[in-house]
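Fold and contact review
What follows is each chain in one-letter form.
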Amino acid sequence: MDALIQSLVQANFAPERIIPRAPMARYTTFRVGGEADVLVDIASAEDVTVALRAARHAGVPVTVIGNGSNLLVLDGGIRGLVLRLAGSCSAIRREENLVLAQAGASLHAVASFAQGQGLAGLAELAGIPGTIGGGSIMNAGAYGGELSQVVTRVDAIALSDGKPLSFSGPKLDFSYRHSAMMDAGVVVTDVTLSLSPGDPSALRERMEALSRARREKQPLEYPSAGSTFKRPEGLFAARLIDECGLRGLRVGNAQVSEKHAGFIINLGGATARDILTLITEVTRRVQDATGVHLEPEVRILGEEAG
C-alpha cells in the first residue's frame, strides 16, 4: 500500500486524512469489522477524482462508504482503498425550494436544515442514521416517506474512469430500497432535493414526535445497522421474525433485539462473524417456517478473517 499512500500524498491529500490500516469498527455503527488497507476522508468531488486516479495508478480496488450506518464489514477487513464520504463532505445550501447537499451530509442534518428553512418533505427521514448520499443510493425511507419522493438529481463520479455523471428524473430509477446509482458503479458526490414550503414549528414537532417513537420502539442504545432485513412484499420482516420465536436469539454477542425483532444488535464485543451467522440463521428459520425469504438490507463488505 506504500505506492497508494505515496500517490495520495503527491495528490495533496493532507496526511491526517489518509489512514493506513483503518479499524473499520470505528467507522461503522455495528462497531465490528477488520482493518481497511487504506481509508481516505473525502471532502469534495475533486477529492474523489484524485483518489480514484491514485487507486488506478496503484492497481488497488476501491470501496465507498458513508458514515457506515448500513454496513457489516467482515472481520478480515477490506483490501485496497476505502473512500469515506461523511463529515468532511457535508455542506448544505438552499436555492429557492431546492436543498443541495454534499453526499456526506447526514440525513438528520439535511432534514434539520430544511426544517429551519421552512421546507417540508424530510421530517419522516430525519431519524435515519445515514448520509444523504448513501440514503439516495438505497432510497432510504421511514414512516411512509422515501427519498424518491424528494430527490430530483444526483451527481456522481464513475468508479471505472473517474468521469462525472448525473442522474435525474426517470434515470434515477427509484424503487423499494433501490436506485439506478446502486447498479451503476459510482461515487455519489451531491444530491438535490425539491421540497415544499412548510411551517418550521410544525415540522419541528413532527420530527420530535418521530424521534420519541424511535427511542421507544427501537434499540438505539446498542450498536446496530438499523433494520437488518428488507420488508418482504406485503409483509413485515420484524413480525415474521417475532412469529417464528426468534426475538432474543443470540449468536455470541450478536442478538435479535428483544425490543424490536427487525434489528440485530451488538451486545458488546460481537464479531462480524457472530452477526453474519445470526443473519443466516434468522433467514433460514423464517424460510423454513413461512416460506418467505428475508433479504438483508445491510450491505456486507470485506473478507472473512484468516
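Our structure's up above, just so we're on the same page.
For the structure given in this document, a descriptive report is provided here. Keep in mind that this is a model prediction, so the values were computed, not measured.

1. Quick word on the overall build of the chain
A tally of helices and strands in the chain yields 8 helices and 19 strands. Over its C-alpha trace the chain gives a radius of gyration of 19 Å, about what one expects of a compact globule, namely 19 Å for 306 residues. Projected onto its principal axes, the C-alpha positions of the chain cover 55 × 55 × 30 Å. Expressed as a percentage of the 306 residues in the chain, the buried residues total 49%. Here the contacts in the chain between residues at least 6 apart in sequence split such that 65% fall between residues at least 24 apart. Charge-centre separation for the chain: the mean point of 30 positive side chains lies 2 Å from the mean point of 33 negative side chains.

2. Brief notes about the pattern of salt bridges
Summed over all chains, the structure comprises 17 salt bridges. For aspartate 47, the salt bridge identified is with arginine 17, shortest N-O distance 2.3 Å. Here arginine 17 lies in the loop between helix H1 (2–10) and strand E1 (18–23) and aspartate 47 lies in helix H2 (residues 45–58), a separation of 30 residues in the sequence. Note on aspartate 47: relative accessible area 14%, which makes it buried.

3. Some points on the sheet that holds E1
Taken together, 4 strands build an open sheet; the order of strands is E1-E2-E5-E3 and the sheet is mixed. Both outer strands of the open sheet, E1 and strand E3 (62–65), are each paired with one neighbouring strand and no more. Along the sheet, successive strands turn relative to each other by an average axial angle of 35 degrees, direction set aside. Examined bridge by bridge, strand E2 (residues 35–41) and strand E5 (residues 78–84) share 5 bridges and lie parallel to one another. Within the sheet, the bridge partner assigned to valine 40 lies in E5 and is leucine 83.

4. Let's talk about the sheet that holds strand E15 (residues 224–227)
Pairing within the open sheet is antiparallel, and its 4 strands lie in the order E15-E18-E17-E16. The open sheet has two free edges, formed respectively by E15 and strand E16 (250–251), since each of these has just one partner strand. Strand direction decides the pairing type here: E15 and strand E18 (residues 263–266), joined by 2 bridges, are antiparallel. Across the sheet, residue serine 227 finds its bridge partner in E18, namely phenylalanine 263.

5. A closer look at the side chain of aspartate 155
Within the secondary structure layout, aspartate 155 lies in strand E11 (residues 151–158). Looking at aspartate 155, its side chain comes within polar contact range of the side chain of arginine 153, at 2.8 Å. The contacts of aspartate 155, once residues within four sequence positions are left out, are Leu165, Ser166, Val187, Val188, Thr189 and Asp190.

6. A look at the side chain of threonine 131
Locating threonine 131 in the fold gives a position in the loop between strand E8 (119–120) and helix H4 (132–138). On the basis of relative accessible area, threonine 131 is assigned to the buried category, the value being 6%. Leave out the neighbours within four places in its chain, and threonine 131 touches Gly66, Asn67, Leu85, Ala103, Gly104, Ala105, Ser106 and Leu107.

7. Overview of the environment of alanine 105
Within the fold, alanine 105 resides in the loop between strand E7 (98–102) and helix H3 (107–116). For the pair alanine 105 and glycine 66, spaced 39 residues apart in the sequence, the C-alpha separation amounts to 9.0 Å. Apart from residues no more than four positions distant in its own chain, alanine 105 is found in contact with Ala86, Cys89, Ser90, Ile92, Val110, Gly130, Thr131 and Ile132.

8. What to know about the nonpolar core
Grouped together as the largest cluster of nonpolar side chains are 54 residues, with contacts concentrated most on Leu8, Leu81, Leu83, Leu122, Leu147 and Leu193. Top element by residues in this core is H2. It accounts for 6 residues. Contact partners of leucine 81, with chain neighbours within four places excluded, come to Leu4, Leu8, Val38, Val40, Ala51, Ala55, Val60, Pro61, Val62 and Thr63. Val32, Leu246, Ala272 and Ile275 belong to the second largest nonpolar core, which has 26 residues in total.

9. Considering unusual backbone geometry
Positive phi outside glycine occurs at arginine 31, with the angle close to 60 degrees. The topology assignment puts arginine 31 in the loop between E1 and E2. In this structure, aspartate 173 is a non-glycine residue whose phi angle is positive, near 50 degrees. Along the polypeptide, aspartate 173 turns up in the loop between strand E12 (164–168) and helix H5 (180–184). Under the relative-accessibility criterion, aspartate 173 is labelled partly exposed at 45%.

10. Topic: the pairing of E7
Across the 5 residues that make up E7, a large majority, 4, are buried. Pairing analysis gives 4 bridges linking strand E6 (residues 92–95) to E7, with the strands arranged antiparallel. Across the sheet, glutamate 95 pairs through a bridge with leucine 98, a residue of E7.

11. A few points about the environment of isoleucine 19
With respect to the helices and strands, isoleucine 19 occurs in strand E1. For the pair isoleucine 19 and proline 200, spaced 181 residues apart in the sequence, the C-alpha separation amounts to 40 Å. Excluding residues that lie within four positions of it along the chain, isoleucine 19 makes contacts with Tyr27, Asp37, Val38 and Leu39.

Reading guide: rules and limits
Residues numbered from 1 in each chain as written. Predicted model: local features only at pLDDT ≥ 70, side-chain atom pairs only at ≥ 80, totals over all residues. Heavy atoms only, no water. Helix = DSSP H or I, 4+ residues; strand = E, 2+ residues; numbered from the N terminus. Rg over C-alpha atoms; globule rule 2.2 N^0.38 Å. Buried < 20%, exposed > 50% of the residue type's maximum accessible area, 1.4 Å probe, protein only. Contact = heavy atoms within 4.5 Å. Lys, Arg positive; Asp, Glu negative; His and termini not counted. Charge placed at Lys NZ, Arg CZ, Asp CG, Glu CD. Salt bridge = Lys/Arg side-chain N within 4 Å of Asp/Glu carboxyl O. Pairing = 2+ DSSP bridges. Axes fitted to C-alpha atoms, helices over the stretch in contact; angles between N-to-C directions. Polar contact = N/O pair within 3.5 Å; in protein donor to acceptor, adjacent residues only side chain to side chain. Core = buried A, V, L, I, M, F, W, Y, C linked by side-chain atoms within 4.5 Å.

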